[in-house]
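Structural features, examined
So you can see what is in the structure, the chains are spelled out below.
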Amino acid sequence: MSVGTEIMYGESMVPDAEWESYLNQKWNRDVVTGETAKFPELTPQPEIDQRPHKVSFYVEKDKAMKVMKDLAECLEKYGLDVKIVYSSGIALDVLPQRAGKGQALAYLLKKFEAKGRVPSNTLVCGDSGNDAELFTVPAVHGVMVSNAQEELLEWCSENARNSHQITHATERCAAGIIQAIGTFSLGPNVSPRDIQDFLKCTDEICNPGHEVVKFYLYYERWRRGEVERSDHFINNLRLLFNSLGTFVHPSGIEIPFSQCIDVLANSYGDQLGKQFRVWVDRVSVAQICSDTWLVKFDKCELCGKDRECRVTTVLLTSRHAELPGGFMWIYMHQTWLDGSFLGREDQRPWLF
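Computed from a prediction, not measured in an experiment: that's the story for all the values here.

Observations regarding the side chain of Lys214
- Secondary-structure assignment places Lys214 in helix α7 (residues 208-223).
- Polar contacts involving the side chain of Lys214 include one to the side chain of Glu211, which spans 3.4 Å.

Re the sheet that holds strand β8 (residues 141-144)
- Read from one edge of the open sheet, three strands run β7-β8-β9, paired in parallel fashion. Taken across any chain shown, the strands that pair with only one partner, and hence form the sheet edges, are β7 (123-126) and β9 (166-168). Recorded for the sheet is a direction-independent mean angle of 20° between the axes of neighbouring strands.
- Pairing of β8 with β9 involves three bridges; the strand directions are parallel. Residue pairing in the sheet places Met144 in a bridge with His168 of β9.
- Packed on one face of the sheet, helix α5 (residues 150-159) meets β7, β8 and β9 and runs near 135° to β8.

Quick look at the UniProt feature "domain: Sucrose phosphatase-like" (unreviewed entry) in the protein chain
- According to UniProt, the feature "domain: Sucrose phosphatase-like" (unreviewed entry) maps to residues 1-184 in the numbering used here.
- Annotated as residues 1-184, this span is 36% helix and 18% strand, and its ends, taken at the C-alpha atoms, are 25 Å apart.

A word on the packing of helix α8 (residues 231-240) against helix α9 (residues 257-265)
- Running from N to C, α8 and α9 cross one another at 165°; their axes reach a closest spacing of 10 Å. Judged by the inter-axis angle, α8 sits roughly antiparallel to α9. Like other packed secondary-structure pairs, α8 and α9 cross with a definite hand, here right-handed. Between α8 and α9, the residues in contact are Ile234, Leu237 and Arg238 and Ser258, Ile261, Asp262, Leu264 and Ala265, respectively.
- Residues that form the contact of α8 with α9 fall into these classes: five nonpolar, one polar and two charged.

Section: the environment of Ser258
- Its location among the elements puts Ser258 in helix α9.
- Since its relative accessible area comes to 37%, Ser258 is described here as partly exposed.
- In the structure, Ser258 is positioned 114 residues away from Met144 in sequence and 47 Å away in space, judged by C-alpha atoms.

Structural notes on unusual backbone geometry
- For Val3, which is not a glycine, the phi torsion comes out positive at approximately 55°.
- Inspection of the secondary structure assignment puts Val3 in the segment before β1 (8-9).
- Looking at Val3, the relative accessible area reads 9%, which means it is buried.
- Backbone geometry at Ser88 places phi at a positive 60°, although glycine is not the residue there.
- Following the sequence through the fold, Ser88 ends up in the loop between β5 (82-87) and β6 (91-96).

Side note on the side chain of Arg223
- Relative to the elements of secondary structure, Arg223 occurs in helix α7.
- Residue contacts for Arg223: discarding those within four places in its chain leaves Leu264, Ser267, Gly269, Asp270, Gln271, Leu272, Phe276, Glu301 and Leu351.

Quick look at the pattern of salt bridges
- Using the criterion set out here, one finds 19 salt bridges in the structure.
- For Glu301, the salt bridge identified is with Arg223, shortest N-O distance 3.8 Å. Here Glu301, found in strand β13 (residues 292-303), pairs with Arg223, found in helix α7; they are 78 residues apart in sequence, far enough to count as distant. No difference in accessibility class separates Glu301 from Arg223, as the two residues are buried.
- As a salt-bridge pair, Lys299 and Glu301 come within 2.6 Å of each other at their nearest N and O atoms.
- Residue Lys299 is classed as buried on the basis of its relative accessible area, which comes to 1%.

Reading the values: rules and limits
Residues numbered from 1 in each chain as written. Predicted model: local features only at pLDDT ≥ 70, side-chain atom pairs only at ≥ 80, totals over all residues. Heavy atoms only, no water. Helix = DSSP H or I, 4+ residues; strand = E, 2+ residues; numbered from the N terminus. Polar contact = N/O pair within 3.5 Å; in protein donor to acceptor, adjacent residues only side chain to side chain. Pairing = 2+ DSSP bridges. Axes fitted to C-alpha atoms, helices over the stretch in contact; angles between N-to-C directions. Contact = heavy atoms within 4.5 Å. UniProt positions renumbered as here; feature names shortened; annotations may be inferred. Parallel < 35°, antiparallel > 145°, perpendicular 65-115°, else oblique. Left-handed = near helix turned anticlockwise from the far one by under 90°. Nonpolar A, V, L, I, M, F, W, Y, C, P; charged D, E, K, R; others polar. Buried < 20%, exposed > 50% of the residue type's maximum accessible area, 1.4 Å probe, protein only. Salt bridge = Lys/Arg side-chain N within 4 Å of Asp/Glu carboxyl O.

Next comes the structure, spelled out in structure tokens:
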């Protein structure tokens, strides 16, 4: 994070102290802030964007090159070894020379190798000048999304014109990343929202996390009345959800899966014509034994101006190869995400 000056691990965001110590060499933040204050061309970015090893400013494009040259010479006189990165035609970051997204990635890959946990593949994705370093790391695939800034495109033209490891996507943002996953054959490259018939979902694009995503997309389409009202879908759910399985509502009430499916069947089109959206975020999957998976995610619903989010944990088993996707839902538990419910009484039907 922070232009490669910070590396964090896990949901609790544990900092990599070894990386921080590595960056401290020939770095003095007080000197950097004191000297940059002497440049009237530099406008400090908001405090939230200032970090221990990153001092950030805005500067007009036509003044950037001269400021970078003069500032580098000034800081060198203090014995500091810094890197000045300009991106997006306006943002200027002063970092330790050892920092940067590319060097952070190289450090991380080396650390994985030392622990015997080298990734099968690595894909770097960029849209601005401060991403350029990522594309210099050996043996990684790279994608510049179609909305990439001019400075990144220029860098690639000068430094990676003939590289088979780097592609310029024709799609924007996340769609460009999905496109690159297909280009390099790194894995599934179909967005669940682009799948019209989930019953035809192939094994190639099905996994426990995907199983959760596709269920809630169909849940959304069912309640919006965007799919055919079909007994086949409901009967399919009865196969996918264990007949003895339980849903634990955020209120703590335990409800059999069968009852939840009955309620869902009667909720067809109840959000027709309304601003109703469902999405899942922070999906994490853990295999707890050879055929059982624990999937944790935030499930959110937007209905008009009302929004609610639930931290959801699902237990899936893959023993049932005859099922679409090969997974059966065994158990589901939900709690309110902090600040989502605000103590209101939930009078709605018991839906997943």
